[in-house]
Structures are given as structure tokens and as C-alpha cells.
Amino acid sequence: MLMFIVRRLLQTIPVIIGVTFVVFFIMQLVPGDPAVLLAGEGASKETIEAIRDQLGLNRPLLVQYFDYLTSVFRGDFGVSLKNSQPVLDEILVRLPITVELSFFSILITIVLGMAAGIISAIKPYSLKDTTVMIVALLGISLPSFWFGLMLMYFFSVKLQILPVAGWDSILHVILPALTLGAGGAAIVARMTRSSMLEVIRQDYIRTARAKGVRESVIIYKHGLRNALIPVITVVGLQFGALLGGTVLVESIFAINGLGRMIVDSIRMRDLPMVQGGVLVASLVFVVVNLIVDVLYRFFNKRIELN
Amino acid sequence: MQGAADKNVLLEVEHLKQYFPVKTDSLFKPKAYVQAVDDIFFKLYEGETLSIVGESGCGKSTTGRAILRLDEPTAGRVYYSGTNILGLNKKEMRKLRGDLQVIFQDPFASLNPRQTVKQILNEAMAIQDVVEKSKRMDRMFELLGYVGLPPEALDRYPHEFSGGQRQRIGIARALAVNPKLIICDEAVSALDVSVQAQVLNLLKKLQKQFGLTFLFISHDLSVVRHISDRVMVMYLGKVVEIADKKDLFDTPLHPYTRALLSSIPVPNPELKRERIILKGDVPSPINPPNGCRFHTRCPFVTEKCKTEEPALRELDTNHMVSCHYAENFK
Amino acid sequence: MTESNKPILEVKGLKTHFFTKRGVSKAVDGIDFSLHKGETLGIVGESGCGKSITSLSILRLIPSPPGKIAGGQVLFKGKDLVTISEDEMRRVRGNEISMIFQEPMTSLNPVLPVGEQIAEALRMHQNMGRKAAWERAVEMLKLVGIPSPEKRAKQEPFQLSGGMRQRVMIAMALACTPEVLIADEPTTALDVTIQAQILELIKDLQNRLGMGVIMITHDLGVVAETCDTVAVMYAGNIIEHAPTEKIFANPRHPYTQGLLDSLPKIHEDQEELQTIEGSVPSPYNMPAGCRFASRCPHQQPICHEQQPELIEQNDGVKVRCWMYTDLWTVKMVKEEAVK
């Protein structure tokens, strides 16, 4: 097991380097010249050139990349082109907000998703099952910006029980987390259901019944533990979707998180900021994937044997 | 059976080894291998049926697959009509596959569910190019006749047939390319007894009709007794005994063979036999026991068995056995 | 086996049907048998004959829908298991009537330690505490001959061999000392030397614990070696039911005869095996007459018209065949007369 974790850790190194590479070069392809942007409208050619020199934008791309790479490994993500503040400082302010939002939405994904999946699986093709699955289908197909606005309209504007936007109290978390977690919950619900139905058909469930085990114990003790194995993978994948989702949801609910920072920076052509933001987001994703892999392995010891 | 001397050797297996690497979790531990087949020898004579019996993990199916190079063997030589087929390149091997056919246990898994019987047979003939295109249709009807299926079967799909009929399709496909040797890997194990009897009769009939040689791999000793001329018993990747059927069933010389024979439940309640019940499980083929591989379960084990590996030696005419004390069981 | 005692389990006219889109499949269609304390009853037949469905029906483990017990009674200690509540049924399962299955590989929960899987039944049925149940589970593992049971109890099924898993299944089934053990093809997935161990183990435990055993199998060899009485099933019916020696020495029903003849014999040489021509009728569309009639070498018009009853002969052998009725003798005599 330890060996497995070490091996997986080593595997993440090339992934991280690859990420920096892709992030760096994609930003080069984005139209718009940061030097022009920084110099402001109607600046002279000389000024722009001077800024270029100062930022090192005139050097060959590969040199710029390696320069960037080494400073990143030193913890230096550069300074914002907009306000000359270190990028890392800004990220460290924004990241906890996004992590908090992600945490609550993944919680919703897991709890809501699995509960719905189990309810469906206990009596397949019943009214309950059909209702849950239709709701889940809606959850997958509704775009989150629309869903977010609808939630906002009902709970904040009409009922006025939850705040419209911002990020101050725990109440502020509910709507954005729900918006962000709903799609994932729907996918997890469907996955849990099909995985449960698969498990319920297994011979060992019949053995448990033949032993006289209560039906509820069969579901939770004998069924769920086995059914969870594929669900863990799906939950892990949801983290990836989550990162994209935060960008949208933070914009809708005016939350100053990492996602919103990246969007704003793109608009400003604030290159170092975007690079830093995307890089940190990718690192989080890599780490989460690692954790999911280890968990999966822990839950399913049998794969070690094969 | 005639003496071995006046028969042609069709297939000769020498020093055949099949090791499969096992994944280890540590980078520092030495790589482990499943020693599925470990240095075995045997000859297969033209027109005979040689059976390989043994329990799961003994290497009987691996042997069959290694001969056909379905899994590339680790080491050894397999001579077919004088040439070592393990040395052939892909093209030469493909040509030879027409001579060497195989029938598997689960005919459903080995027949393409989206092909009709006609397509299945056609494909087999086309790959080996044994029959001219214009004559293939006639040939197909002929093949169906041999295996006892009606001509209408041609346009149907495998799922429309029962297990026994599917096995007949598998046999027809093997026959389509005029093979010399057919390896039957647990070919009747999945069938009910009454159907099994039909398929066994069919195999025997076809063998006579076309002069086929069978390598019959099975765990069922009653079936083996019925169909074989000679029988080879394997245990943990080694040949423990090989003899003419009658000798093997009447005077088994290896303690494992004796235990195996006495373990078979016999459908005759009047018959009270002395049963040898072996203790424990078959050891893992990853780290097989030293000395004689059977010593951990053998009721007659001595110190010598734990350290010294017995050679496969000829104790009677055509009766080879690998036990230090085989003479005592005569 | 004591004939005079009342049977502990009595199955009367049991019918289990499956209601599917294709129609009604009469998998088990009116079977009767009884089991005494200490007796081993074999139920034998080829795939699809209904033997496994019968065993599952006794414990009401038929997947429903589409399966349903459509009629009959299963009498056990004065109760009819077909009609008692689900809660009562649950108290019978694994406690008074236990079952072991064919596939030891898939019949144990892969993520629970085997000791826990045994202890679970004890906690449930015997009101044992966690510790006591665990100790008893280890004891059971020892009883079924698993070496170092304390260590094995903590292991998960994938760490055990096939033979050991089947021993665990047996330990689990017998933990609450049931009165009836149903063994559904308990050795089919095992190698012969391991099969011999397991059959010996079941026999030994039966002698010690005195339970009745129903042995479901397709292997006539297993029947001959373990059973006191045998019921042969064909297409959802019992077609012959007799003491084991009688069935093997003198099979009455043409199907039983055919089945025995088609076996390759381990002690003699035959050039060709006997076969049974034709195939089993579809369970969706059973013939009106005898279900074996179309394959029977002795078939007569009456066989196709009306289904024969399972009738007890003078020597206690029960057989479902017109050949053993007065009708047949009368008809034969008539035919003789015509000639």
C-alpha cells in the first residue's frame, strides 16, 4: 500500500510539469498583448517596448518558460500586471473560499446523490424510483447558471430566506453549493442506483438472505459497501467538473473565489494571475485524484491481487 | 492399443515451460512467477487420444494453449511432424493453424454472436483457404451433416442453439479446415450428462472417420476413461504419471493418481471402496514445494520426497511415473 | 434413518412459476417429498429441471417478481413456510433451515471478514453478544477443519482457497445448528479431491448434529455416495423417487434409465455411450401428457394425452410413468390379443 502511494506520488511529477507547460503556452496563444494593456491606451511605441523588456517578454519563449518554471518551484508565481501585487498572495486569499465552496458542494453531491440512489435501488421501477430518476435526469441536463438563477429567484427574491449573493455567513454557502453540487449529485444518484442493483443480484446477497439477515441490514451492510467501489471513482471525477463549475457559480453569486479571479484576470489579460490560478487549480485536482485512487484501493483490496 | 513403436509421433513436447510473471507490490522484492507448466515432456501419436487430467491450476489447459502458441511459452520445443513450431514466424504459424484446431469449454464465448453459422464456417475456410469459393456451400452442408445439425442451421445465430448444439458448431468449425490434431479443452465439461454423451459419441465417430488425433484436456476422469487411449496426469505444473488408459486406471502408480481416482464419486451405491482423502489444498504454483511437488499432501511422504525431485521414469512399458517409491504400488 | 418418525420437512404439491413477458414458466410444477431427521435426500436432474428452484422455494428465496410460489405447502414444525409472515420466515432462515450454494467464490461477501459473516447469524438468531458470537464463529471454523481458525476468521474471502471458502459456507450454515441443511450443488465448482473432503465433512457433521440434508446435484456419483433417498426431477416434476440402492440397481422411469446409461463408466469400457434423443420441453409450453413422452423409447398414445401421477409401487419406489400402471398392462394385454 505504501509502495503504491509512493509510486502514485512519483507519477504526479510529470503531470504537474506537463500542466505548467500547457498553461504557459496556451496563454501565449491568447490574443492581446499584455504590454499594450499595461501601458494603457495611446502609449508610445517606446513605452510599450520598454515594458516588454522589463517583463522579459522579448526573450525566446522556451527561455521564458524555464524561467517561469523555476520561479514556480521556488514558490514565486510572479506579480499581477494589474496591481503589481504578488500572485501567490492573491491566490492564498481566494483559494480557501473556493475550497470551502467545493467542499460543501461535494458533500451535497455525495449525501444527496447516494441517498437518492439507494432510495431508487431498494424498489426499482417503483413510483419513488421513477420520480427520483426523473429529478436526477433534470439535475444532469439543466445548465448550472440557469439553475443557480432559479434558486436565487425563489429562495432569495421570492421567499427571502437566503442571501442573494456574497460570502459572509454559512447561509451564503447554501445556494452556490447546491447549484454546484446538483449535477454531481444526479450523476452519483444514477451511479449508486445501478451499482446497487448490480450488487443486489450477487450470490452473496442471496447468501445473506438465506442466513435470515434483515432486508435493511442487507442493503446497508452487505450491499452498500460493495456498491460504493465504483461510486468513489465517479465522485473523484466530479471534482474535475467542480473546478470548471466554480468559475460559473462564483460569477453568478458574486463570490471572490479562485474561479472568479481567473475569469477577471483573463478579461484583464493579467497573464501571471491566470497562469497562477490555473496552475493551483490543477494542482488541487491532481492531489484530489491521488486521494481518490488511494481510497479506491483501500476499499477494494482485491485489485491488489489481480 | 498397438505398441508405441509402430506408431508415428505427430507431436512431441520437450522441456515445455510456461511461467507467468506475477505483479509484486514492492520494487525491491524479486519478480515472482506462476510456474504454470514446468519442464514437461510427452509425445502424441498419430490417431490417438491422449488426455491430460488434473485439478485446477495443474497446468493442463496452459499446456494446450502453449502448444498452440495462444500464450507464447517461456521455453521448450514443440515438434509437429518434425518441425519445432515454437520457432516458426507468424506467417508459417498461421499456415500451420489449419492442422491444429481447438474446441473450448464454453462454445458460446468462442463463437461470434453476430455471425450466423454460415459466416462462422465460411470465415474458418477463408482464413486457411482450404476450399475453393465455389465449393464452400457444399462443404458447409457436408460439415453440418458430420456433426449432426440440420441444413437450416446455417442461417441461424449461436444464441438460437442449445449448449450441446453450440458445441457441435464449434466442432464443425474446427473440422472445416481439415485439421490433423484437435485440442479439446474441457470440451464437454459444461454440458449435461445426456448431451455430453452425444458429443462424446460424435467426437469418437469423427476421429475414426477422419483419422484425427485428440489432445483431450479434462478434469472429469470418467469422461477421460471413456475417450482416451493414453492418459497423462498433471499436478502443479508437472507430469506425475503417463500411461495407457487401462494401466493407469487399473494400476495407478503415483499416490496422487491413486487419490484422484479414489475421489471420484461413482454412481453405484453398492460399490464400497477404500477412499483416500487428501489433506489440505493444492499449494500455490508461485512457490511450489521443493522436492516432489506432491509431498505436502502425500500420505506416504518421506524425508527424501521433501528434498529430492523425482524424475519421470518408465516403470513398465509405456508407463511413466514420477515418484521415488512407485515400485511399492505395483 | 428412522422411517417411523414424523418427517421434519414435508413438501406438498409445491408449484413455483415465473411470470415473464414470454409467458408463464412452470419451473417447478407440483412436487412432493418429505425429509426425516438424519436423512439425506438427493434431488437430481439436468439443468433447467427445477431442482435449484425447488430448494430456493423452500426458503422463499425466489426472486420476486417474476417468480412466485403458485401453490402447495412446505410444512416445517407445524408451520406452512409458504404462508407465514416474512418476519417469521426470516427467523427460520439460517437458523432452523440453512442453505449452502454452488459457488463458494461468489457466495461470500467480498468485503467482510469471514468470521463476521458467520458471527452475524449467531448474533441475529441466538442473541449472542459480539464477543461470544465471534468466539463461536472461530469454533465453527475449527469444526469444519480450517487450520489456524483465529487468523482465518479475520481474513476476507479472497484470501482463502475455493475449498476453504466452501468450508466457511458450511460453518456459516451450521452455526445455529439447523435441523435441515439444503446443499445446492455444494461441490460442483470444486476439484475432485476437494469435493471428496467436503462431502466427507458434510456427512460427518450430519452424523454429529443429526440434521436432515437435501442434496441438490446433477452428479449421480455424488448422489450414490451420499444420499439415502433420491428424487429424480425432469421438467419441473419428480419422475422417480426411491431409496438410493433401488434407483441405481433398478431404475424404473425411462428417463432415469437413460440418464444412468449416458454416464461414462469409470470401471468399464464402452465403445459408445447411450444417449437420450430429443430435448427437454420448454417450461413456457409444457405438453399435456407425460413431459418425457416425446423422447421416450416406450411412448404410447396415452403418454401424449394425459400426464401420469407419481405412484408408489409395491416395493416403495415411486414412479411417474404409465408403464407402471394397470392401464398399461391392460392395454398391453389388448395389443397382445389383437396380434
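Below is a summary of the structure that appears in this document. (Residues numbered from 1 in each chain as written. Chains lettered and ligands numbered in written order. Predicted model: local features only at pLDDT ≥ 70, side-chain atom pairs only at ≥ 80, totals over all residues. Heavy atoms only, no water.)

### Digging into the overall build of chain C
- Summing up its helical and strand segments, chain C has 12 helices and 12 strands in all.
- Projected onto the principal axes, the alpha-carbon positions of chain C cover approximately 80 × 50 × 45 Å.
- Per-residue burial over chain C gives 58% buried out of 339 residues.
- Of the contacts formed within chain C by residues at least 6 apart in sequence, a portion of 63% connects residues at least 24 apart.
- Accessible surface, chain C as shown: approximately 14,100 Å² in total, 50% of it carbon and sulfur.
- For chain C, the centre of its 37 positive side-chain charges and the centre of its 42 negative side-chain charges are spaced 8 Å apart. (Helix = DSSP H or I, 4+ residues; strand = E, 2+ residues; numbered from the N terminus. Buried < 20%, exposed > 50% of the residue type's maximum accessible area, 1.4 Å probe, protein only. Contact = heavy atoms within 4.5 Å. Areas by Shrake-Rupley, 256 points an atom, 1.4 Å probe, with all protein chains shown as cover. Lys, Arg positive; Asp, Glu negative; His and termini not counted. Charge placed at Lys NZ, Arg CZ, Asp CG, Glu CD.)

### A look at empty space enclosed by the protein
All names here are of chain B.
- In the structure shown here, the tally under the stated rule is 11 cavities of 30 Å³ or more.
- Considering only enclosed or pocket space, the largest cavity measures out at about 90 Å³ in volume.
- Together, 13 residues line the largest cavity, and Pro255, Cys292, Cys298, Cys305 and Cys323 are the ones closest to its centre.
- Within the lining of the largest cavity, the residues separate by chemical class into 10 nonpolar, three polar and no charged. (1 Å grid on protein atoms, 1.4 Å probe; cavity = no way out; pocket = protein on both sides within 12 Å on 5 of 7 lines; lining within 4 Å. Points joined across faces, edges and corners; volume = space filled by probe spheres on them. Nonpolar A, V, L, I, M, F, W, Y, C, P; charged D, E, K, R; others polar.)

### Focus on the environment of tryptophan 322 of chain C
Residue and element names in this part refer to chain C.
- Residue placement: tryptophan 322 occurs in the loop between β12 (318-319) and α12 (326-338).
- Counting along the chain gives 109 residues from tryptophan 322 to valine 213, while the straight-line C-alpha distance between them is 31 Å.
- Apart from the residues within four sequence positions on either side, tryptophan 322 is in contact with Ile302, Cys303, Gln306, Gln307, Pro308, Leu327 and Trp328.

### Focus: the interface of chain B and chain C
- Each side of the interface is counted separately: chain B has 38 residues, and chain C has 39 residues.
- Roughly 3,300 Å² of surface becomes buried between chain B and chain C when both sides are summed, with 55% attributable to carbon and sulfur atoms.
- When the area that chain B buries against chain C is broken down by residue, the three leading residues are Val193, Arg225 and Pro265 of chain B, summing to 17%.
- In this structure, the salt-bridge partner of glutamate 225 of chain C is arginine 275 of chain B, at a minimum N-O distance of 2.5 Å.
- At the junction of chain B and chain C, the tally comes to 12 residue pairs in polar contact (both at pLDDT 80 or more).
- The dominant element in the side of chain B that touches chain C, judged by the number of residues it contributes, is helix α7 (residues 193-210) of chain B, at 10 residues.
- Grouping the constituent residues of the side of chain B that touches chain C by class yields 16 nonpolar, 10 polar and 12 charged. (Buried area = accessible area lost by both parts, 1.4 Å probe. Salt bridge = Lys/Arg side-chain N within 4 Å of Asp/Glu carboxyl O. Polar contact = N/O pair within 3.5 Å; in protein donor to acceptor, adjacent residues only side chain to side chain.)

### Considerations on the sheet that holds strand β3 (residues 49-53) of chain B
Residues and elements named next belong to chain B.
- Taken together, eight strands build an open sheet; the order of strands is β6-β7-β8-β3-β9-β10-β12-β11 and the sheet is mixed. Only two strands of the sheet have a single neighbouring strand rather than two, namely β6 (100-103) and β11 (313-316). Taken pair by pair, the neighbouring strands of this sheet meet at an average axis angle of 20°, ignoring direction.
- Sheet topology places strand β9 (residues 230-235) next to strand β10 (residues 238-244); six bridges connect them, and they run antiparallel. Directly across from tyrosine 235, in β10, lies its bridge partner lysine 238.
- Here helix α1 (residues 60-67) sits on the sheet and contacts β3, β7 (181-185), β8 (213-218) and β9; the angle it forms with β8, its principal contact strand, is near 145°. (Pairing = 2+ DSSP bridges. Axes fitted to C-alpha atoms, helices over the stretch in contact; angles between N-to-C directions.)

### Quick word on the pairing of strand β1 (residues 9-20) of chain C
Residues and elements named next belong to chain C.
- The sheet contact formed by β1 and strand β4 (residues 67-76) spans eight bridges and is antiparallel. Paired with histidine 17 across the bridge in β4 is lysine 68.
- For β1 and strand β2 (residues 23-35), the ladder comprises nine bridges, and the chain directions are antiparallel. Across the sheet, the residue bridging to threonine 16 is valine 28, located in β2.
- The turn joining β1 and β2, which pair antiparallel and follow one another in sequence, is formed by two residues.

### Brief notes about the packing of helix α5 (residues 87-122) of chain A against helix α11 (residues 258-268) of chain A
Residue and element names in this part refer to chain A.
- Orientation of α5 relative to α11, taken along the N-to-C sense of each, is 130°, at an axis distance of 7 Å. Classed by the angle they form, the pair α5 and α11 counts as oblique. For the pair formed by α5 and α11, the contact residues are Glu90, Ile91, Arg94, Leu95 and Thr98 on the first element and Leu258, Gly259, Arg260 and Met261 on the second. (Parallel < 35°, antiparallel > 145°, perpendicular 65-115°, else oblique.)

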